[in-house]
Amino acid sequence: MKPAILPQSGPARICLPHIVSNERKTFPLNNLLLHLIDTLSLPLDERGTRRALSDFADEAGFRYYAYLYLSGPESFAVSNYPRQWQKHYVQSGYLRVDPVVTNAKHGPPVFTWSAGMGRRLGRRVLTQFFSDAAQFGIVSGLSISVPVGFRNRMVFTLAGDSTVFESDQIVDPVTAAVAVTLIHARLNKMTGDTDLATDIRLSPREAECLRWYMEGVKIPEIAIMLNLSERTVRSYIHQATHKIGADNNRQAGIIAVKKGLI
């Protein structure tokens, strides 16, 4: 899926961290983005894609990478964040307060963030968010946001434990958007590390009817197999589609399979 709108603003000036503790050498981010575009154009499998993103983050001077696709019930995340942080993030409902998500929706296409945001804004929940994240070495980072249509977003983030910023670098939003589009093309075919729609709960009958529907079984046949009326089968499938938030039954089935609901 390609973004319907690419950022049209000029190059963005951002600050990249210099990791003093281990003196890792960092390279101009635009050059690294171009190299990442070349790498992701190769026929990589899931392991190769994750390795390419991990190497990219490391060369840019960051510890972690995270890709977030914001698209209602189809939202998913892929990252090399610690599993314990991913689980805590979802259970704590941090998607609602995550400054990366907020800035991605309303801010510039390329932006930086840090734990100081919580203190400056004076929001207790945001301060708690950064406090929890810091326990896993997530203190600051850089994010690239690319709109898909009018509501959806592709967001790629680099994060680490550095609090020291040294020199300015110019990041071309168009180059960044192309890189993120390729990241999405690769990761969209994979199962996300983090299910962001954890509140979806299908009843056994809803899941069963939707599963058979996705297998290509006609509603009258499902009714006979499950000893239900056709009206009841349609009702279960409709309820499942409504819970998932899909536009139609077929889309609901695809989302349900991807999220392991059926």
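Residues numbered from 1 in each chain as written. Predicted model: local features only at pLDDT ≥ 70, side-chain atom pairs only at ≥ 80, totals over all residues. Heavy atoms only, no water.

Asker: Would you mind going over the overall build of the protein in detail, with residue names and values included?
Answerer: Scanning the protein from terminus to terminus reveals 11 helices and 8 strands. Residues classed as buried in the protein amount to 47% of the 262 residues present. With the model as given, the accessible surface of the protein reaches about 13800 Å², and the carbon-plus-sulfur share is 51%. (Helix = DSSP H or I, 4+ residues; strand = E, 2+ residues; numbered from the N terminus. Buried < 20%, exposed > 50% of the residue type's maximum accessible area, 1.4 Å probe, protein only. Areas by Shrake-Rupley, 256 points an atom, 1.4 Å probe, with all protein chains shown as cover.)

Asker: Mind laying out unusual backbone geometry, listing which residues take part and the relevant values?
Answerer: The phi torsion at Asn227 lies on the positive side, around 60°, for a residue other than glycine. Relative to the assigned elements, Asn227 resides in the loop between α9 (219-226) and α10 (230-244).

Asker: Explain the environment of Trp212 residue by residue, including any values.
Answerer: Within the secondary structure, Trp212 is located in helix α8 (residues 204-214). Residues Trp212 and Ile222, spaced 10 residues apart in sequence, show a C-alpha to C-alpha distance of 6.9 Å. The residues touching Trp212, leaving out its near neighbours within four places in the chain, are Val217, Ile222, Met225 and Leu226. (Contact = heavy atoms within 4.5 Å.)

Asker: Got a sec to walk through the pattern of salt bridges? Specific residues and values, please.
Answerer: Tallied over the full model, the rule gives 5 salt bridges. Of the charged contacts in the structure, one is a salt bridge between Glu208 and Arg205, with a shortest N-O distance of 3.1 Å. One end of the pair is Glu208 and the other is Arg205, both in helix α8 and 3 residues apart, which spans about a single turn. Judged by relative accessible area, Arg205 falls into the partly exposed class, the value being 30%. Here Glu230 makes a salt bridge to Arg234, at a shortest N to O gap of 3.7 Å. Residue Glu230 and its partner Arg234 are both found in helix α10; the two are separated by 4 residues, about one turn of the helix. (Salt bridge = Lys/Arg side-chain N within 4 Å of Asp/Glu carboxyl O.)

Asker: Could you give me a rundown of the packing of α8 against helix α11 (residues 249-258), with the residues and numbers involved?
Answerer: Two numbers describe how α8 lies on α11: the axes approach to 10 Å, and their chain directions differ by 105°. It follows from the interaxial angle that α8 and α11 lie roughly perpendicular. Judged by residue contacts, Leu210, Tyr213 and Met214 of α8 engage Asn249, Arg250, Ala252, Gly253, Ile254 and Ala256 from α11. Partitioned by chemical class, the residues of the contact of α8 with α11 number 6 nonpolar, 2 polar and 1 charged. (Axes fitted to C-alpha atoms, helices over the stretch in contact; angles between N-to-C directions. Parallel < 35°, antiparallel > 145°, perpendicular 65-115°, else oblique. Nonpolar A, V, L, I, M, F, W, Y, C, P; charged D, E, K, R; others polar.)

Asker: Give a detailed account of the packing of aromatic side chains, specifying residues and quantitative values.
Answerer: Considering all chains together, one arrives at 13 aromatic pairs under this definition. Arranged with centres 5.8 Å apart and planes meeting at 55°, the rings of Tyr69 and Phe76 form a pair that is tilted. Tyr69 gets classed as buried once you look at its relative accessible area, which sits at 4%. Note on Phe76: relative accessible area 4%, which makes it buried. Aromatic ring contacts, followed pair by pair, group Trp85, Tyr89, Tyr94, Trp113, Phe129, Phe130 and Phe136 into a single cluster. (Phe/Tyr/Trp six-rings, centres within 6.5 Å; stacked < 30°, edge-to-face > 60°.)

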